[in-house]
Protein chains: 6
Amino acid sequence: MTGMMGEGWYFEDYEVGREIKSSSRTVTEADIVNFAGITGDWNPIHTDEEFAKKSVFGRRVAHGTLTFAIMTGLFARLGIIERTIVAFYGVDRLRFVKPVFIGDTLTAVARIVDKEDRGNAGMIVMEASVVNQRGEVVLTGTVRFLVKKRGEVG
Amino acid sequence: MTGMMGEGWYFEDYEVGREIKSSSRTVTEADIVNFAGITGDWNPIHTDEEFAKKSVFGRRVAHGTLTFAIMTGLFARLGIIERTIVAFYGVDRLRFVKPVFIGDTLTAVARIVDKEDRGNAGMIVMEASVVNQRGEVVLTGTVRFLVKKRGEVG
Amino acid sequence: MTGMMGEGWYFEDYEVGREIKSSSRTVTEADIVNFAGITGDWNPIHTDEEFAKKSVFGRRVAHGTLTFAIMTGLFARLGIIERTIVAFYGVDRLRFVKPVFIGDTLTAVARIVDKEDRGNAGMIVMEASVVNQRGEVVLTGTVRFLVKKRGEVG
Amino acid sequence: MTGMMGEGWYFEDYEVGREIKSSSRTVTEADIVNFAGITGDWNPIHTDEEFAKKSVFGRRVAHGTLTFAIMTGLFARLGIIERTIVAFYGVDRLRFVKPVFIGDTLTAVARIVDKEDRGNAGMIVMEASVVNQRGEVVLTGTVRFLVKKRGEVG
Amino acid sequence: MTGMMGEGWYFEDYEVGREIKSSSRTVTEADIVNFAGITGDWNPIHTDEEFAKKSVFGRRVAHGTLTFAIMTGLFARLGIIERTIVAFYGVDRLRFVKPVFIGDTLTAVARIVDKEDRGNAGMIVMEASVVNQRGEVVLTGTVRFLVKKRGEVG
Amino acid sequence: MTGMMGEGWYFEDYEVGREIKSSSRTVTEADIVNFAGITGDWNPIHTDEEFAKKSVFGRRVAHGTLTFAIMTGLFARLGIIERTIVAFYGVDRLRFVKPVFIGDTLTAVARIVDKEDRGNAGMIVMEASVVNQRGEVVLTGTVRFLVKKRGEVG
């Protein structure tokens, strides 16, 4: 029995080596249309079916940035960083490994690989990836974020 | 006089050292609301004004991932990669340097720092950043993408 | 020949026993995606096709709350409450009777079952339901709302 | 330390008397605009500022149905019903007690008041309400939903 | 007392000289953001506040096409063409007469100026305009659409 | 090699007789759903599949206004009017020639037919049309817009 009640993990709660797995979500045509609309990225590979049919992929693919955004959303939905994140610090070696197609179902997974005390906050480092319904890794990256320490004012 | 007519730059067109500057765009409350809705990332720092008022930022901030997504959209709108991009390869050292607030106006800038022939395509490497209306850098990263070579079938 | 011209029904215009039928609307995948994005309700039964395939329903279902929201929208489109509604008072015995799937076409129907003079406004009570293209009732409830009386300042 | 990891509460996990409190969320103009667009409910009290200024509320108010939809989303975000909900059964005595304005920040709270074994699933009954940043209750209702029992195939 | 019940006006119902007035709607920042996202028209005059401040308008303006789209929506909400329109034929002398700003409240008005029997359908011609809350005309055009005749199969 | 860098064409850059062709874009169900939501135009021919199946078209069709809005967006994406447009003046003889269905891929084309010096700005006149993936013209119109002249303060 679990259940996040308003507050996520503090620096002290993170254990190096712990694995995290998100819920899953199916990428729909509407997601790609809406994401083109939010970003202004209407590249034909995402929004022109006739062009995409003739491309190496054979059909429209999701924006890599959408897959990355979905990953951050899937992690956020876990409630781990609710009210305890200080800042999204950055990502290293973000790689769009395989194409994501309409109808693919994505899950975000991560392993905590490091934690560093930074005085009034702590840095968490996770090896993260996004996996599709066939078990293929479609995105990888090393995610860094700062979280609150217990007892620090925030 | 310029004007993209349906086709962007090929590998041969990229010059190392060339600088690129996008149009600008104001980040609105609607963008943050819509982005929370697309990603599922409803962290209170983005969507709960009462919480955000008491945070170190004093008000809601845009998702770092939204700033990144806006950057890719601003570059896409330049038309440079229209029909010529093969794949978004990845990003190195993506850093969310400063918070982005509702009403900030963002511009994406980049300098081409490397190009590598990869046989039937070419890798372009750009040092990219996003700058706000006060000239402050809010995001930096090294962006890598594969583009078509002239005469290659694609 | 009908045609709402800016103003709906006043308390005096409602007749107990009268039946109301809305236009119809097809529930699309985009509606479910957009509704998840507006509410933050990403339950896998609505947004994860792999999970939903193994559920009792065999595929993704619309949020019950979306069906309810669509019902209120279908009624609003009739123009009956345009400029004359005072407040949506509440709903009794709201029941989500059957699942709604992508591609189902919904119609809202209601029968006015009571009207009560409340001094400077009037309470209207309707037995409402939502019916799909196969004639199956998918939602029922007793809807209560306050409307203006003729001659009252509003 | 909490953290939902993919699976919510089973019937056995619910304790009568337990209280639940969600994260909070600020209702924005964009939410009202987007909700009008999803439902088709463009009643002037929600979308016409000139009309609303002259109304008893003095400005545009959120759709009651939007407040209800936000409540269900805030509860869903807790992760309690992730993968364990069987069906949203219904709501009794749903009441829109006070208007919700642009800029109000809403929190959903509930107390589990009953649980009933229904054979292969269990019914949970909660007295739910939505509270704004001034501590005012804006919506109340008795929410009923069916959840899985441990060991039942779902 | 009025109230559209599922069916609009047939050719025979239109009277030359009759005037039509829609409900009103406030144009929000979210509408402009969403419209840029649907069309891909991110011209700085609509989406870059810093640019717009220095323009002749002094702030962001709504897309003329958005005003036109809002006009067609306001007319559609009247229910006149519900189930009876055959086709939107076209518009003559569409003119964007004045800028529309965030916060402006628009009403669509029209006068039926001609009707022509076209055999199995009828052409309706309306002089249409959009007026803001200060009574200023912001858009004009001559709208032509085909509607069903009574007794024709549709 | 082309590439719009922030600034479009000035009056002096337009040549009568020049032809312009946009990128292409597939019209999706999500576009129609989102457009109904932005405009409030929920006519059954666009949003009710059961009704549309029995209509002359046999399925839902895109709003004519959506096709028009997509055309303006496709032209805007060319970058020609970026920072140089003064105002969208109007459209003459806008005609919705053929229905647009879900899945159709649209391209906007235009020929510059006239340019008129108007003192501190210039009027550009284009014969514009929208073509689908089968080469069928679905929309035509004469588009007029005002652009900056070089050296004029704007």
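An unreviewed UniProt entry annotates chain A as Acyl dehydratase originating from Geoglobus ahangari.

Draft legend 1. Just the overall build of chain A, in detail. From N to C terminus, chain A includes 4 helices and 5 strands. Across chain A, helices and strands are ordered from the amino to the carboxyl terminus as β-α-α-α-α-β-β-β-β. Viewed in the frame of its principal axes, chain A has a C-alpha envelope of about 55 × 30 × 30 Å. Taking all 154 residues of chain A together, the buried fraction comes to 66%. Pairs at least 24 residues apart make up 71% of the contacts formed inside chain A by residues separated by at least 6 positions. Carbon and sulfur atoms provide 49% of the accessible area of chain A, an area that totals close to 5,300 Å². Counting 20 positive and 20 negative side-chain charges, chain A places the centres of these two groups 2 Å from one another.

Draft legend 2. Structural context of the interface of chain F and chain E. Each partner contributes residues to the interface: chain F has 42 residues there, and chain E has 42 residues. Interface of chain F and chain E: buried area, both sides summed, is about 3,300 Å²; carbon and sulfur atoms make up 57% of it. For the pair chain F and chain E, the interface holds 2 salt bridges. Linking chain F to chain E there are 14 residue pairs in polar contact (both at pLDDT 80 or more).

Draft legend 3. Region of the structure containing the packing of aromatic side chains. All told, the structure shown has 21 aromatic pairs over all chains when counted by the stated rule. On the basis of an interplanar angle of 75° and a centroid distance of 5.1 Å, the ring pair of W9 of chain A and Y14 of chain A is categorised as edge-to-face. On the basis of relative accessibility, which here comes to 0%, the residue W9 of chain A falls in the buried class. Plain terms: the ring middles of Y14 of chain A and F145 of chain A are 6.0 Å apart, the flat faces sit at 70° to each other, and that makes the pair edge-to-face. Residue Y14 of chain A is found in the segment before β1 (19-26), and its partner F145 of chain A is found in strand β5 (residues 137-148); the two are separated by 131 residues along the sequence. The same class applies to Y14 of chain A and to F145 of chain A, which are both buried. Within the aromatic cluster, the residues linked to one another by ring pairs are W9, Y14 and F145 of chain A. The residue whose ring lies beneath K115 of chain C is F11 of chain C, and the NZ or CZ to ring-centre distance is 4.5 Å.

Draft legend 4. Region of the structure containing the nonpolar core. One finds F68 of chain E together with F68 of chain F to be the most contacted residues of the largest nonpolar core, which totals 78 residues. Ignoring anything within four residues of it in the chain, the contact list for F68 of chain F reads T65, F68 and L94 of chain E together with F88, V91, L94, F96 and L139 of chain F.

Draft legend 5. Spatial organisation of the UniProt feature "domain: MaoC-like" (unreviewed entry) in chain A. The UniProt feature table records "domain: MaoC-like" (unreviewed entry) at residues 16-121 of chain A. Here residues 16-121 of chain A runs as 32% helix and 32% strand, with 17 Å between its end C-alpha atoms.

Draft legend 6. Focus on the pattern of salt bridges. Per the stated rule, a full pass over the model turns up 72 salt bridges over all chains. A salt bridge links D92 of chain C to R95 of chain D, with the shortest nitrogen-to-oxygen separation between them at 3.1 Å. Taken together, the positions of D92 of chain C in strand β2 (residues 85-96) and R95 of chain D in strand β2 (residues 85-96) put the pair across two chains. For the pair formed by D92 of chain C and R95 of chain D, the shared burial category is buried.

Draft legend 7. Expanded view of the relation of the copies chain F and chain E. Screw-axis analysis of chain F against chain E gives a translation of 0.0 Å along the axis, an RMSD of 0.0 Å, and a rotation angle of 180°. Given the turn and translation reported, the copies of this chain are related as if by a two-fold rotation axis. It is D92 of chain F whose C-alpha, among those of chain F, lies nearest the rotation axis, at 2.5 Å. Mapped onto chain E, 100% of the interface residues of chain F again fall at the interface, so both copies present the same surface.

Draft legend 8. Just the sheet that holds strand β5 (residues 137-148) of chain D, in detail. The antiparallel open sheet is built from 10 strands, whose spatial order is β1(C)-β3(C)-β4(C)-β5(C)-β2(C)-β2(D)-β5(D)-β4(D)-β3(D)-β1(D). Unpaired on one side and paired on the other, β1 (19-26) of chain C together with β1 (19-26) of chain D mark the two borders of the sheet. Between one strand axis and the next, the sheet turns by 25° as a mean value, whatever way the strands run. Two strands pair when backbone bridges link them, and strand β4 (residues 121-131) of chain C and strand β5 (residues 137-148) of chain C are joined in this way by 11 bridges, in the antiparallel orientation. Residue V131 of chain C lies in a different strand from β5 of chain C, and its bridge partner there is V137 of chain C. Lying over the sheet, helix α4 (residues 64-77) of chain D contacts β2 of chain C together with β1, β2, β3 (105-117), β4 (121-131) and β5 of chain D, oriented at roughly 70° with respect to β3 of chain D.

Draft legend 9. Layout of the sheet that holds strand β2 (residues 85-96) of chain F. Reading across from one edge, β1(E)-β3(E)-β4(E)-β5(E)-β2(E)-β2(F)-β5(F)-β4(F)-β3(F)-β1(F) is the order of the 10 strands in this open sheet, with antiparallel pairing throughout. A single partner strand is all that each edge strand has here, and the edge strands are β1 (19-26) of chain E together with β1 (19-26) of chain F. Within the sheet, the average angular offset between the axes of one strand and its neighbour, ignoring direction, is 25°. Summarising the sheet, strand β3 (residues 105-117) of chain F and strand β4 (residues 121-131) of chain F pair through 10 bridges and their orientation is antiparallel.

Draft legend 10. Just the relation of the copies chain E and chain A, in detail. In screw terms, the move from chain E to chain A is a rotation of 180° and a rise of 0.0 Å along the axis, fitting with an RMSD of 0.0 Å. Of the interface residues in chain E, 100% have counterparts in chain A that sit at the interface too, so the contact is made through matching surfaces.

Draft legend 11. Expanded view of α4 of chain D. All names here are of chain D. With 14 residues, α4 should reach 20 Å at 1.5 Å per residue; the first-to-last C-alpha distance of 20 Å fits that figure. Counting buried residues along α4, 14 of its 14 residues qualify, which places the element largely inside the surrounding structure. Following α4 by one or two positions, G79 has its phi on the positive side, about 85°.

Draft legend 12. Structural detail: the interface of chain E and chain A. Taken together, the contact pairs 5 residues of chain E with 5 residues of chain A. Summed over both sides, the interface between chain E and chain A buries roughly 290 Å², with carbon and sulfur atoms accounting for 58% of that surface. Ranking the residues of chain E by area buried against chain A places G37, G40 and W42 of chain E at the top, with a combined share of 89%. Here the side of chain E that touches chain A is built from residues that sort into 2 nonpolar, 3 polar and no charged.

Draft legend 13. The arrangement of the packing of helix α4 (residues 64-77) of chain C against α4 of chain D in detail. Closest axis-to-axis distance for the α4 of chain C/α4 of chain D pair is 10 Å, and the angle between their directions is 175°. On the basis of the axis angle, α4 of chain C is roughly antiparallel to α4 of chain D. Within the contact between the two elements, α4 of chain C uses T65, F68, A69 and T72 of chain C and α4 of chain D uses T65, F68, A69 and T72 of chain D. Counted by class, the contact of α4 of chain C with α4 of chain D contains 4 nonpolar, 4 polar and no charged residues.

Draft legend 14. Local environment of the pairing of strand β4 (residues 121-131) of chain E. Residues and elements named next belong to chain E. In terms of burial, β4 is largely enclosed, as 10 of its 11 residues are buried. Connecting strand β3 (residues 105-117) to the next strand, β4, in antiparallel fashion are 3 residues, including G119 with a positive phi near 85°. With antiparallel pairing between neighbouring strands as the criterion, β4 and strand β5 (residues 137-148) make up a hairpin whose turn holds 5 residues, including G135 at a positive phi of roughly 80°.

Draft legend 15. Representation of helix α1 (residues 29-39) of chain B in the model. Residue and element names in this part refer to chain B. Burial runs high along α1: 11 of the 11 residues are buried. Those residues of α1 that fall on the buried side of the exposure criterion are E29, A30, D31, I32, V33, N34, F35, A36, G37, I38 and T39. Backbone geometry just downstream of α1 places G40 in the positive-phi region, at approximately 80°.

Draft legend 16. Region of interest: the packing of α1 of chain B against helix α4 (residues 64-77) of chain B. Residue and element names in this part refer to chain B. With their axes 10 Å apart at the nearest point, α1 and α4 run at an angle of 105° to one another. As far as their axial angle goes, α4 and α1 are roughly perpendicular. Of the residues in α4, those touching α1 at D31, I32 and F35 are T65, L66 and A69. Grouping the constituent residues of the contact of α1 with α4 by class yields 4 nonpolar, 1 polar and 1 charged.

Draft legend 17. The arrangement of the side chain of S24 of chain C in detail. Following the sequence through the fold, S24 of chain C ends up in strand β1. Here the side chain of S24 of chain C touches T107 of chain C through a polar contact of 2.6 Å, side chain to side chain. Excluding its chain neighbours within four sequence positions, the residues that come into contact with S24 of chain C are L74, T105, L106 and T107 of chain C together with T47 and D48 of chain F.

Draft legend 18. The environment of E136 of chain C, seen in detail. All names here are of chain C. If you trace the backbone, E136 turns up in the loop between β4 and β5. Residues E136 and L106, spaced 30 residues apart in sequence, show a C-alpha to C-alpha distance of 9.7 Å. Once residues within four sequence positions are removed from consideration, E136 is found in contact with K98, V130 and V131.

Draft legend 19. Structural view of unusual backbone geometry. The phi torsion at R93 of chain A lies on the positive side, around 50°, for a residue other than glycine. On the accessibility criterion, R93 of chain A (52% relative accessible area) is exposed.

About the thresholds
Residues numbered from 1 in each chain as written. Chains lettered and ligands numbered in written order. Predicted model: local features only at pLDDT ≥ 70, side-chain atom pairs only at ≥ 80, totals over all residues. Heavy atoms only, no water. Helix = DSSP H or I, 4+ residues; strand = E, 2+ residues; numbered from the N terminus. Buried < 20%, exposed > 50% of the residue type's maximum accessible area, 1.4 Å probe, protein only. Contact = heavy atoms within 4.5 Å. Areas by Shrake-Rupley, 256 points an atom, 1.4 Å probe, with all protein chains shown as cover. Lys, Arg positive; Asp, Glu negative; His and termini not counted. Charge placed at Lys NZ, Arg CZ, Asp CG, Glu CD. Buried area = accessible area lost by both parts, 1.4 Å probe. Salt bridge = Lys/Arg side-chain N within 4 Å of Asp/Glu carboxyl O. Polar contact = N/O pair within 3.5 Å; in protein donor to acceptor, adjacent residues only side chain to side chain. Phe/Tyr/Trp six-rings, centres within 6.5 Å; stacked < 30°, edge-to-face > 60°. Lys NZ or Arg CZ within 6 Å of the ring centre and 35° of its normal. Core = buried A, V, L, I, M, F, W, Y, C linked by side-chain atoms within 4.5 Å. UniProt positions renumbered as here; feature names shortened; annotations may be inferred. Least-squares fit on C-alpha atoms with pLDDT ≥ 70 in both. Pairing = 2+ DSSP bridges. Axes fitted to C-alpha atoms, helices over the stretch in contact; angles between N-to-C directions. Expected span 1.5 Å × (residues − 1). Nonpolar A, V, L, I, M, F, W, Y, C, P; charged D, E, K, R; others polar. Parallel < 35°, antiparallel > 145°, perpendicular 65-115°, else oblique.

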